[in-house]
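Notes for the structure review
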Amino acid sequence: MNEALLWIPTLDLTSVPAPYHEASAKMFLAAHHGRGHIISPDPLVIRVPSLALTSPRPGFACHLISQSPIPDGPLELIDVTISCPRGVQDPHLARLDQIFKKGPVRRVILTRQSPEQSLNAIAQALDTLLDTFPEILIAIDVNSFGWDAASHFAAEYPPILLDGIADSELWRLMDLAQVLQRPVWLDDFSHHPKPVPELPQYKIFDPPPVDVHRIPFSSRFR
Amino acid sequence: MNIAERYPAQAAPKVGVAKITTTRQCWMQCRFCDFSQFAPLVFGADIDPCLSLSKAETQLKRLNPAVKLLKIRGGLSFREPFSYFRALVKTAAKMFSGPIQAFSPIELYQWHRIEQRPIRDLLAELRWAGATQLGPGGGESLVQPWRDRLSPNRLDAEAWLSLASLGWETGMPPSAMILAGRWLAKEDLAQHLHLLTTQSWHHLEVKIMRPVTLHPELEPIHLIALCRLVSEIKEKMPDTPLYVNDPSYPLTDDAYLLLTRAGADGFYTTLEDIEP
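Below, the structure is looked at part by part. For every chain, the first residue of the written sequence is number 1, and numbering continues from 1 along that sequence. Chain labels run from A onward and ligand labels from 1 onward, assigned in the order the entries are written. Under the rules for a predicted model, residues below a pLDDT of 70 receive no local features and side-chain atom pairs below 80 are neither given nor counted, while totals for whole chains, interfaces and linings still include all residues. The side-chain values count all of the structure's non-hydrogen atoms but skip hydrogen atoms and water molecules.

**Considerations on the environment of Arg106(A)**
Residues and elements named next belong to chain A. Going by this rule: Every helix listed is a DSSP run of H or I at least four residues long, and every strand listed is a run of E at least two residues long, numbered separately from the N terminus. Note on definitions: a residue-residue contact is assigned when non-hydrogen atoms from the two residues lie within 4.5 Å. As used in this structure description, the phrase polar contact means that two N or O atoms lie within 3.5 Å; if the pair is within protein, one of them must be able to donate a hydrogen and the other to accept it, and residues adjacent in sequence are counted only when both atoms belong to side chains.
Within the secondary structure layout, Arg-106 lies in strand E7 (residues 105-111). Along the chain, Arg-106 and Phe-145 lie 39 residues apart, while their C-alpha atoms are 21 Å from each other. When near neighbours in sequence (up to four residues on either side) are disregarded, Arg-106 contacts His-37, Ala-52, Ala-61, Leu-77, Ile-78, Asp-79, Ile-136, Leu-137 and Phe-189. Separated by 2.8 Å, the side chains of Arg-106 and Asp-79 make a polar contact.

**Let's talk about the packing of helix H5 (residues 147-156) of chain A against helix H9 (residues 253-262) of chain B**
As a reminder of what qualifies: The axes used here are C-alpha line fits, helices contributing only the stretch in contact, and every angle between their N-to-C directions lies in the interval 0 to 180 degrees. Relative orientations are named as follows: roughly parallel for angles under 35 degrees, roughly antiparallel for angles over 145 degrees, roughly perpendicular for angles from 65 to 115 degrees, and oblique for any other angle. Charged means Asp, Glu, Lys or Arg here, nonpolar means Ala, Val, Leu, Ile, Met, Phe, Trp, Tyr, Cys or Pro, and polar covers whatever is left, Gly included.
Contact geometry of H5(A) with H9(B) gives a least axis separation of 8 Å together with a crossing angle of 40°. The pairing of H5(A) with H9(B) is recorded here as oblique in orientation. Mapping the contact onto sequence places Asp148(A), Ala149(A), His152(A) and Glu156(A) in H5(A) and Asp254(B), Ala255(B), Leu258(B) and Arg261(B) in H9(B). For the contact of H5(A) with H9(B), the class distribution of residues is three nonpolar, one polar and four charged.

**Some thoughts on the sheet that holds strand E11 (residues 194-195) of chain A**
All names here are of chain A. Rules: Each pair of strands is called paired provided DSSP finds at least two bridges between the two strands.
Spatial ordering of the open sheet is given by E1-E10-E11, a layout of three strands whose pairing is mixed. Either end of the sheet is taken by a strand with one partner, and the two such strands are strand E1 (5-7) and E11. Across three bridges, the pairing between E1 and strand E10 (residues 184-186) is parallel. Along E10, the bridge assignment pairs Leu-5 with Val-184. The sheet contacts of helix H6 (residues 170-180) involve E1 and E10, and relative to E1 the element is tilted by about 170°.

**Details of the packing of helix H3 (residues 105-115) of chain B against helix H4 (residues 119-129) of chain B**
Residue and element names in this part refer to chain B. Heads up, the rule is: Each crossing gets its handedness from the near helix: less than a right angle anticlockwise from the far helix is left-handed, clockwise is right-handed.
In the contact formed by H3 and H4, the axes pass within 9 Å of each other and the chain directions differ by 120°. Classified by the angle between their axes, H3 and H4 sit oblique to one another. Considering the relative orientation of H3 and H4, their crossing is right-handed. Taken together, the residues of H4 that come into contact with H3 (itself represented by Leu-108, Tyr-109, Trp-111 and His-112) are Ile-119, Leu-122, Leu-123 and Leu-126.

Pasting the structure below:
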């Protein structure tokens, strides 16, 4: 069987008022069969399968977004979002280097700097990242990449993950999976994936059962 | 391959197209067609006349200068004589100096049947009037079981191919098409391409099936599948120019680049529609 495409639904609580964090997380998990990744500014009271905090705390993974300053001191586990570098001299690459020195990186999410950023530059960045860090999960953000480029890179580089897929866009992932003939798994970082049922595949027509060039052409009249 | 050259720096050129539709009324009832309006082939049926020559002339006078190709289609009216269609081509040629793709083997066959005239004469007259190439209409699928299923009223694949090949004799080089849809099975595509490789073509057009709600099996094709299709066609027929027609939904810049990378030599973009 081909390698599965992972769908990791993500709930970002950074803009949600603190009193609603638990309720939002509960609803989110209930809606996704108890799976899903949550990004939160503070630890949650309820147990969640997969959580990353936007600021470093002992015992928690840390999610660093493009603009956030790199915290002092070592970190336990890092998810990082960076803009796709344009070349070797790109400042985002230097930032990634600094983050790698802070602790083990679990996932790197690439965002496209602008819709005009060339596919060559992205392919080069993906090549470099996948060759240099084969053990790290490399993800691309579908919202900045656009679905066309994201689908293409998912097809070209099977290990990469598509990130930022909202529930309403899941059909696009399923559609892509149908073309690539890969299953889709609902997953998070607790690693107990659940297969997502495939989109209905309409049967490709059989040739007509009767010869329409002969009369009568319907078998009812034979 | 050098890593920097893996994707083209820019997409293949877009060719602006103006389409002249003589009539939308048609009796063929092809299942994939959401363009035509059914008009029964019976005496006394209420059928509108085709596009008038004066209207065509007026609209051609203020044609968008970006238009580089004129396509004339929809000649399946059985009211207007062949001379009307010839006059329309003549009018178009008078107003437009670029290439004119006029009608297809489907229309030729209908005029041949109705007016009892040799196909070669009809082609020669269209050429005389100013048409420069024969359109790919009717070549959606040359796999006969598919044709029987989707467009049973059209002439069969073998006849279509032989009529198209006559275009070369009269200086109206024929073009062919591949209707890109999800229904296109691998073996059907192989057979279609095999039939196309039996003769030469002015160019090939990939037409993207419009989404049809009532027929879920006729869904639009995914971009990745479309790129695969384009590269497969290019591999089989490397010397024939391959154009992708813009679908009914807009393509992104990335899609144009990826299709160029797959082997598309250009894109046909409809800029104007001239209708009755």
